[in-house]
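Structural overview for review
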Amino acid sequence: IQATRDKNKKDSDGSGLMKMFLSIVYAFPSFTFDYLFDQTMAQIQWLQKYAAGSVSYEVNAQAFAAGNAKKGSKLDFFIK
């Protein structure tokens, strides 16, 4: 229970939202923080999910092409 409370305290400072913004801007450099601040939370969550999948797909594609990944393995996005 204490670990859950501590996690909620960490996210209350807005770091979770900034991580979402960072992952979106990393995947889609044409988006700016000003643009993202004008979006709704549902749009931000959708973009973040799509950005994480996009980056994971690109890295997996390069790893498979180079022969450095096993079949069936999956890479998670590094910004969580």
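Residues numbered from 1 in each chain as written. Predicted model: local features only at pLDDT ≥ 70, side-chain atom pairs only at ≥ 80, totals over all residues. Heavy atoms only, no water.

With that out of the way, let us pick up a nonpolar patch on the surface. A cluster of nonpolar side chains, namely Met 18, Leu 22, Phe 33 and Phe 37, defines an oily patch on the protein surface of about 380 Å² accessible area. Among the elements of the structure, helix H2 (15-27) and helix H3 (33-37) are those that each provide at least two residues to the nonpolar patch. Mapped onto the elements, Phe 37 comes out in helix H3. (Patch = residues over 30% accessible without salt bridge, like charges linked within 9 Å, V, L, I, M, F, W, Y side chains within 5 Å. Areas by Shrake-Rupley, 256 points an atom, 1.4 Å probe, with all protein chains shown as cover. Salt bridge = Lys/Arg side-chain N within 4 Å of Asp/Glu carboxyl O. Helix = DSSP H or I, 4+ residues; strand = E, 2+ residues; numbered from the N terminus.)

With 26 residues, helix H4 (residues 41-66) extends 38 Å between its outermost C-alpha atoms, agreeing within 8% with the 38 Å of an ideal straight helix rising 1.5 Å per residue. Along its buried surface, H4 packs onto H2 and H3. Remark: Gly 67 follows H4 within two positions and exhibits a positive phi of approximately 80°. (Expected span 1.5 Å × (residues − 1). Contact = heavy atoms within 4.5 Å.)

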